[in-house]
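# Understanding the architecture of this molecule
If you want the building blocks of each chain, they are given just below.
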Amino acid sequence: MSPTDTHVFFLNRISIRRNQVVSMDNNHEQDLEELELFQKHISDRFTQLLPTTGEEETLTSDDISDQMLSITWFRKLLDTYLCCESEFKAVLIIGRDSSQFSKPPLDRLLPEHLDRTVKALDICNAITNGIEVIRHWQRLAQIAVDALEQRPFVEGHVRRAKRALNTLLMSMTGEDKEQNAHAGKSAERMWSISRRGGAGGAVALPAVNHNRRAIISRSLSSNFMRSWSASKQILAMTTNLAAPRGGDSTGLGLPVYLMSSILVLVMWTLVAAVPCQERVGPHFQLPRHLVWTQPMIVLQEKIGEEWKRKEKKGTSGLLAEIQVIEKVAQNLVEFAEGFDFPVGAEKADEVAEQVAKLAEVCRKLEVGLGPLQLQVREVFHRMVRSRAEVLDVMDVVAKINTHVAC
Amino acid sequence: MASPVNDNTAEQIILRWDTTASEDARTRMIFESDREEINRYLQAVDQIQSSMNLTTLSDEQSKKLNNAIQISMARLEDEFRNILITNSTPIETEPLADSISLTPRTTPRTSSFRSDSPENEDSSNGRNNESISKISSASFTDRNERSVTFASCRSMNSIREQDLLPSESISDLRSIAERMIAAGYFRECVQVYGSVRKSVVDGSFKKLGVEKLSIGDIQRLEWEAMNAKIGRWIRAAKVCIIVLFASEKKLCKQIFEDLGTTAADDACFIETVKAPANQLFNFVEAISISRRSPEKLFKILDLHDSLQDLLPDIDDVFDSKPAESIRIQAPEILSRLAEAARGMLSEFENAVLREPSKVPVPGGTIHPLTRYVMNYISLISDYKQTLGELIISKPTTGSRHCDFAAPEMDFDEHEGQPPLALHLIWIIAILQFNLEGKSKHYKDNSLAHLFIMNNVHYIVQKIKGSSELREMIGDHYLRTLTRVFRQAATNHQRATWIGVLHCLRDQGLHSTGSFSSGVSKSALRERFKSFNAIFDEVHRTQALWLVPDEQLREELRISILEKLIPAYRSFLGRFRNHISDNYIKYSVEDLENGVLDLFEGYAVSQHSRRRSQ
């Protein structure tokens, strides 16, 4: 059943079940079974996301399509999220006595989970923005590809490619390789957009043209305030994220915790991979004692390691395709800088190989970014919908309780 | 036919202006020099470009030309960027606010509830007081704002483009773009253009007060703050679409139209406005996600209306194929707002049904819930045009769908009334239901009836006081309500006065069997004592009760007097001679005055003080 089918199914069942008197005994057994299944499914799904043994994740592998952290892999990750989420809702709401929502531990755990969902919504928006940034990089890379696919190699084309690649790398790493000295001062002068009164004798800005490119490309406008930080969001989401200890009579504390953990893990992974505002990596820990979370832990450790490794160099995002672009772009810039006409056959072959790689990854992005963006939106809307449904149930319960209590 | 001499000259010119070649080339800009210099450079580029197309080129020549092209394109890119940055005219936002036509969308409504400011209720239900004052203040500002906020005439072309660059700059930019595109440097051109214009639009957004709020920020907003931000968005969005974006589109056309084979102007426009447009819509989306508290309904409807009004302009500005993804967002978000609005109405109905306060209102007067609900309903009728379109299904009634007791209602008698009207009727029905429940907390049955009478009468008055409400709810239901409060009045009277009148009955006062059909003096004494005591009690107690509506109060008193006075007068007439005057506490006039003291909410002592003055 696809995630959307489950969703409709769920809605139909809830209106029937709501008023049923739940007999404690035989349903308790059922509930426990449901929980077990839920955990098992999570474990299974995440196991499928791990690389199979022997598979190399390095960039030497030619086909990155199924590699961890590639676009294809992310689509699987998001699919996994949607499946877990459907099952979670079923476990939480169907056939359950909704009065449990207002008792401990759910009276605290559910609102916290919903709060994490809201933060996740903002992260989804940041990811959508980030995908636009990747598109921008793809276009720059494409310029270089087109220029360097021309034969024979001429200085003009190489310079064109180099210019595009430098802009690309500056944008990716935030470094201004050219003329760092002037970066600070010129910034203010450049941003005073002065009106030309037509008198023509205006003061010529002592501009350093290349820096304008740098500063503009870096300030690719974000839809978030300066103070917003993806890593702070993730950090906030991990607050109070703790596995329940015993003494939970509802049995629902665990699934809520698991769903929250999945949410945080997925969002964290997205932030690791896609450029978004202020994403200096936070690293969080999943508790080890829960059997079912093993695959999630392994996944998180692998990604965490990768992130730590790349962080020192100031990375643009762990998305496999981005990593390829970055590496190849650097190689090609090196080539361009040492360019000497005429290019020897051996060198030409090397370059052609790199260019082909770049072209291939651009094609992957061209094909894959659109659907990825759509899927992120789907996740967004699902979170909105589920949140509204849970809130509805909670509100009903709260009002009944107020009435009864008075 | 290109000659070697011309080519060399052209090449020299281009090389001279190579940014990496000299300090001079780096610090001076071609397009800030005189017109001659500019033309010379452009001609040089054209020269090289046309030479490239010659088939009879040696490798050496080809290589030199290629280099020259690349150098000139890099240079032109920088020039392009420079012209864009230094010559941008910021958008004029101030005169716009007034010049945008101010046809109000709805006629301002003279509402009866304007005079009905929330009284100082002693009711312990503070939440309702708060809610009431929120609704009242919202309605005032809302109404004023709505009449001056935005234009409505769709037949008028409301697009207002402004010139973002002087025409000389535009023609310079076009000359550059033409050459870049012809040389196959379209991508670079779009990138430069997009990144500069995006920053400019960003700046304009700031000026217009469009904020970059996250969804989390909006969830945390207090109701007042949210109202203010929605208002600001409504004002700013109009300007963004019809002025800002429209102007950017015009600029793209002026620079890029008909250059090259791909729709360059469309591509540049999208590059410029995609992110800002998303930012604009994200706000509305975030609002539609926020918690569905009933107070927000009307501001959400304002937002819905303003976005709906903008749809034709959005379609206009984003009419190209690449802009489709932006264009389709608007109706999607609109439908989410509609859903949110429906949810809020539903929330409201639930809230009315489940409003849990149990402390009885002193004196049996109007309950704050009644006021709140009637205020809310009045606002609904204000917004009936929009809400009428959004509310398309009948209310769900009865206990089936709630875990909560609710009245059953079938709407057969209300065939032909639109769903929104049915919702209003339903709301009043559940209000009554709730009030019935509340009335049971009065220890005194008579007070319970008075309470119902007061509140239902208030409802009826409110409906009668508004022609729109009356039309929506319909006379049939109005009659039903009228019956209810009249019945309550009757019940109240009966509950209070039966005991009193019982004292004045004939039977039991005549001693049986006696020859002279005498009156039992002891029985009579008991009667008078009872009467006096009961009347005292009623007088003392019910003087504190309240019937706020003057006319209703009068009617009630008259009705009481009509039964009381004749009975008492006749009783006195028949029996006063059989008993000493000590037992007769009240004259007829005293009774009349006593009844006049009832239902004003003052203690008896205050009445007698007044009378003695």
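Just so we're clear, the structure is a prediction, and the values are computed from it rather than from any experiment.

So, about the overall build of chain B. The helix and strand inventory of chain B stands at 23 helices and zero strands. Burial statistics for chain B: of 613 residues in total, 55% are counted as buried. Counted over contacts in chain B with a minimum sequence separation of 6, partners at least 24 positions apart contribute 82%.

Scanning chain A from N- to C-terminus turns up 12 helices and zero strands. Along chain A, from the amino end to the carboxyl end, the secondary structure elements read α-α-α-α-α-α-α-α-α-α-α-α. Of all 406 residues assigned to chain A, the portion counted as buried reaches 54%. A separation of at least 24 residues holds for 83% of the contacts in chain A among residues at least 6 apart in sequence. Here chain A has roughly 18,700 Å² of accessible surface; of this, 54% comes from carbon and sulfur atoms.

On to the confidence of the model for chain B, then. Regions with low pLDDT should not have their predicted coordinates read in detail. Residue and element names in this part refer to chain B. Taken residue by residue, chain B gives an average pLDDT of 84. The fraction at 70 or more is 85%. By mean pLDDT, helix 6 (residues 126-149) is the weakest element of chain B at 45, and helix 18 (residues 445-464) is the strongest at 96. Between residues 1-5, whose pLDDT stays under 50, and residues either more than four places distant or in other chains, the model counts four contacts. On the interface metric, ipTM, the complex scores 0.81, and its pTM is 0.83.

Once that is clear, we can look at the side chain of B:Glu285. On the secondary structure map, B:Glu285 appears in helix 11 (residues 264-289). Relative accessible area serves as the criterion here: at 3%, B:Glu285 is assigned to the buried category. Apart from the residues lying within four places of it in its own chain, the contact partners of B:Glu285 are A:Arg377, A:Phe380, A:His381, B:Ile333 and B:Arg336.

Turning our attention to the environment of B:Leu54. Residue and element names in this part refer to chain B. As for its placement among the helices and strands, leucine 54 is situated in the loop between helix 3 (35-52) and helix 4 (59-87). Overall, the relative accessible area of 34% leaves leucine 54 in the partly exposed class. Each C-alpha atom, one on leucine 54 and one on serine 167, is 35 Å from the other, the two residues being 113 residues apart in sequence.

The subject of this paragraph is the packing of helix 20 (residues 521-543) of chain B against helix 22 (residues 588-596) of chain B. Residue and element names in this part refer to chain B. Here helix 20 crosses helix 22 at 25°, and the two axes come no closer than 10 Å. When the axes of helix 20 and helix 22 are compared, the pair comes out roughly parallel. For the pair helix 20 and helix 22, the sense of crossing is left-handed. Residues Phe531, Phe535 and His539 of helix 20 touch helix 22, and the partners they reach there are Leu591, Gly594 and Val595.

Quick look at the pattern of salt bridges now. Residue and element names in this part refer to chain B. Tallied over the full model, the rule gives 50 salt bridges over all chains. Salt-bridge contacts for arginine 40 lead to glutamate 37; the nearest nitrogen and oxygen are separated by 3.4 Å. Separated by three residues within a single helix, arginine 40 and glutamate 37 lie in helix 3, roughly one turn from each other. The exposure class of glutamate 37 is buried, given its relative accessible area of 11%. The salt bridge involving aspartate 217 is made with arginine 220; its shortest N-O contact spans 3.2 Å. Relative accessible area serves as the criterion here: at 21%, aspartate 217 is assigned to the partly exposed category.

The next point concerns a negative patch on the surface. All names here are of chain A. On the surface, a cluster of negative charge is contributed by Glu346, Asp349, Glu350 and Glu353. Within the fold, aspartate 349 resides in helix 12 (residues 345-405). Exposure remark for aspartate 349: the relative accessible area of 55% places this residue in the exposed category.

Quick look at the environment of B:Gly364 now. Residues and elements named next belong to chain B. You can see glycine 364 is positioned in the loop between helix 14 (329-354) and helix 15 (368-382). For glycine 364, a relative accessible area of 0% corresponds to the buried category. Residues glycine 364 and proline 548 lie 184 residues apart in sequence; the distance between their C-alpha atoms is 9.8 Å.

The end-to-end C-alpha distance of helix 20 of chain B, which contains 23 residues, comes to 32 Å, matching closely the 33 Å that a straight helix rising 1.5 Å per residue would cover. Buried residues of helix 20 of chain B: B:Leu524, B:Arg527, B:Phe528, B:Phe531, B:Asn532, B:Phe535, B:Val538, B:His539, B:Gln542 and B:Ala543, and no others.

This paragraph deals with the nonpolar core. Among the nonpolar cores identified, the biggest contains 292 residues, and A:Met267, B:Phe245 and B:Phe318 are the most heavily contacted of them. No other element matches the 21 residues that helix 4 (residues 106-148) of chain A contributes to this core. A:Met267 has contacts with A:Ala120, A:Ile123, A:Cys124, A:Ile234, A:Met237 and A:Met383, leaving out every residue within four places of it along the chain.

With that settled, consider the domain arrangement of chain B. You'll often see interface size given as the accessible area lost when the parts meet. Segmenting chain B into domains produces domain 1 (7-87), domain 2 (93-109 + 147-337), domain 3 (360-493) and domain 4 (503-596). Put simply, the middle of domain 1 of chain B and the middle of domain 3 of chain B, counted by C-alpha atoms, are 80 Å apart.

On to helix 4 of chain B, then. In this model, helix 4 of chain B (29 residues) spans 41 Å end to end at C-alpha, consistent with the 42 Å of a helix rising 1.5 Å per residue. Among the 29 residues that make up helix 4 of chain B, 23 are buried, leaving the element largely enclosed by the rest of the structure.

Okay, the confidence of the model for chain A next. Residue and element names in this part refer to chain A. Of all residues in chain A, 71% have pLDDT values of 70 or greater, and the mean over the chain is 76. Confidence, read as mean pLDDT per element, is least for helix 6 (residues 183-191) in chain A (34) and greatest for helix 4 (93). Segment residues 1-24 is flagged for pLDDT under 50; beyond a separation of four residues in sequence, or across chains, it makes 28 contacts in the model. Between residues 213-219, whose pLDDT stays under 50, and residues either more than four places distant or in other chains, the model counts 20 contacts.

Residue and element names in this part refer to chain B. Closest axis-to-axis distance for the helix 15/helix 18 pair is 10 Å, and the angle between their directions is 20°. Here helix 15 is positioned roughly parallel relative to helix 18, judged by the angle of their axes. Two packed elements cross with a definite hand, and for helix 15 against helix 18 that hand is right-handed. Facing Thr370, Arg371 and Met374 of helix 15, the residues of helix 18 in contact are Asn455, Tyr458, Ile459, Lys462 and Ile463.

Moving on: the state of the cysteines. Throughout the structure, instances matching the rule amount to zero disulfides over all chains. A:Cys83 takes part in no disulfide bond, and the closest cysteine sulfur to it belongs to A:Cys84, at a distance of 6.8 Å.

Conventions we followed
Residues numbered from 1 in each chain as written. Chains lettered and ligands numbered in written order. Predicted model: local features only at pLDDT ≥ 70, side-chain atom pairs only at ≥ 80, totals over all residues. Heavy atoms only, no water. Helix = DSSP H or I, 4+ residues; strand = E, 2+ residues; numbered from the N terminus. Buried < 20%, exposed > 50% of the residue type's maximum accessible area, 1.4 Å probe, protein only. Contact = heavy atoms within 4.5 Å. Areas by Shrake-Rupley, 256 points an atom, 1.4 Å probe, with all protein chains shown as cover. pLDDT = per-residue confidence, 0-100. Axes fitted to C-alpha atoms, helices over the stretch in contact; angles between N-to-C directions. Parallel < 35°, antiparallel > 145°, perpendicular 65-115°, else oblique. Left-handed = near helix turned anticlockwise from the far one by under 90°. Salt bridge = Lys/Arg side-chain N within 4 Å of Asp/Glu carboxyl O. Patch = residues over 30% accessible without salt bridge, like charges linked within 9 Å, V, L, I, M, F, W, Y side chains within 5 Å. Lys, Arg positive; Asp, Glu negative; His and termini not counted. Charge placed at Lys NZ, Arg CZ, Asp CG, Glu CD. Expected span 1.5 Å × (residues − 1). Core = buried A, V, L, I, M, F, W, Y, C linked by side-chain atoms within 4.5 Å. Domains from an automatic or database assignment. Disulfide = S-S within 2.5 Å.

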